[in-house]
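# What the coordinates show
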Amino acid sequence: MGNDDNCVVYLETEVAEELLGLVDDEPGDADEYLLDEAAAAIEHANGGLPPVKQQAVARGEAVALGLDSAEVESLRTLIETNTEIDPQKLKSAARSLQTKLRAASKKARS
């Protein structure tokens, strides 16, 4: 993935919430299974989502997070080593993730 490449990461809401908790450095034990799912989703992200995943996002069961390559690398490093290599990119990804989770919650309730 080049520096200007963007990708779309598909995360089920519970995985997205766990990832947001890690980025926000919330207290408590991280769920390694969910973080492994997040890492796999980031690793396999590409430029779009298949229709089944688009429908899950539309129902509020998941989120589709657009990330640039620096955000991808920052999240991957945080998950794998619990090290922040670019706090600004992590904050950017967290803001986007938070917005997507709020939208998913609203969709799920309607």
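Residues numbered from 1 in each chain as written. Predicted model: local features only at pLDDT ≥ 70, side-chain atom pairs only at ≥ 80, totals over all residues. Heavy atoms only, no water.

The helix and strand inventory of the chain stands at 5 helices and 2 strands. Counting helices and strands in the order they occur from the N terminus, the chain gives β-α-α-α-β-α-α. What you see for the chain is a C-alpha radius of gyration of 13 Å, in line with the 13 Å of a compact globule of 110 residues. C-alpha atoms of the chain, sized along the principal axes, occupy 40 × 35 × 25 Å. Counting only residues that meet the buried cut, the chain has 39% of its 110 residues in that class. Contacts in the chain between residues far apart in sequence, at least 24 positions, make up 72% of those at least 6 positions apart. Looking at the chain as shown, the accessible area adds up to about 6500 Å², and 46% of this sits on carbon and sulfur atoms. (Helix = DSSP H or I, 4+ residues; strand = E, 2+ residues; numbered from the N terminus. Rg over C-alpha atoms; globule rule 2.2 N^0.38 Å. Buried < 20%, exposed > 50% of the residue type's maximum accessible area, 1.4 Å probe, protein only. Contact = heavy atoms within 4.5 Å. Areas by Shrake-Rupley, 256 points an atom, 1.4 Å probe, with all protein chains shown as cover.)

Despite not being glycine, Asn 82 has its phi angle at roughly 55°, a positive value. By the element assignment, Asn 82 lies in the loop between helix H4 (69-81) and helix H5 (87-109).

This part covers H5. The terminal C-alpha atoms of H5 lie 33 Å apart, and with 23 residues this matches the ideal 33 Å at 1.5 Å per residue to within 8%. Within H5 the residues assigned to the buried category are Leu 90, Ala 93, Ala 94, Leu 97, Leu 101 and Ala 104. In this structure, the buried residues of H5 make contact with strand E1 (6-12), helix H1 (13-23), strand E2 (62-68) and H4. (Expected span 1.5 Å × (residues − 1).)

This part is about the pattern of salt bridges. Applying the stated criterion to the full structure yields 4 salt bridges. Here Glu 43 ties to Arg 76 by a salt bridge, and the two come within 3.3 Å at their closest N and O atoms. Of this pair, Glu 43 sits in helix H2 (residues 32-43) while Arg 76 sits in helix H4, and the two are 33 residues apart along the sequence. Judged by relative accessible area, Glu 43 falls into the partly exposed class, the value being 47%. A salt bridge links Asp 68 to Lys 89; the nearest nitrogen and oxygen atoms lie 3.0 Å apart. You can see Asp 68 sitting in strand E2 and its partner Lys 89 sitting in helix H5, a full 21 residues away along the chain. Residue Asp 68 is classed as buried on the basis of its relative accessible area of 18%. (Salt bridge = Lys/Arg side-chain N within 4 Å of Asp/Glu carboxyl O.)

Counting residues in each nonpolar core, the largest one holds 28 residues, and the members touching the most others are Val 9, Leu 11, Leu 19, Leu 67, Leu 75 and Leu 97. Within the residue set of this core, elements represented by two or more residues are E1, H1, H2, E2, H4 and H5. Of all hydrophobic cores here, the second largest spans 6 residues; its members include Tyr 10, Leu 49, Ala 56 and Ala 64. (Core = buried A, V, L, I, M, F, W, Y, C linked by side-chain atoms within 4.5 Å.)

Let us look at the packing of H1 against H5. Their axes nearest at 10 Å, the elements H1 and H5 cross at an angle of 145°. Judged by the sense of rotation from one axis to the other, the crossing of H1 with H5 is left-handed. Facing H1, whose interface residues are Thr 13, Ala 16, Glu 17, Leu 19, Leu 20 and Val 23, H5 presents Leu 90, Ala 94, Leu 97, Gln 98, Leu 101 and Ala 104. Class assignment of the residues belonging to the contact of H1 with H5 gives a composition of 9 nonpolar, 2 polar and 1 charged. (Axes fitted to C-alpha atoms, helices over the stretch in contact; angles between N-to-C directions. Left-handed = near helix turned anticlockwise from the far one by under 90°. Nonpolar A, V, L, I, M, F, W, Y, C, P; charged D, E, K, R; others polar.)

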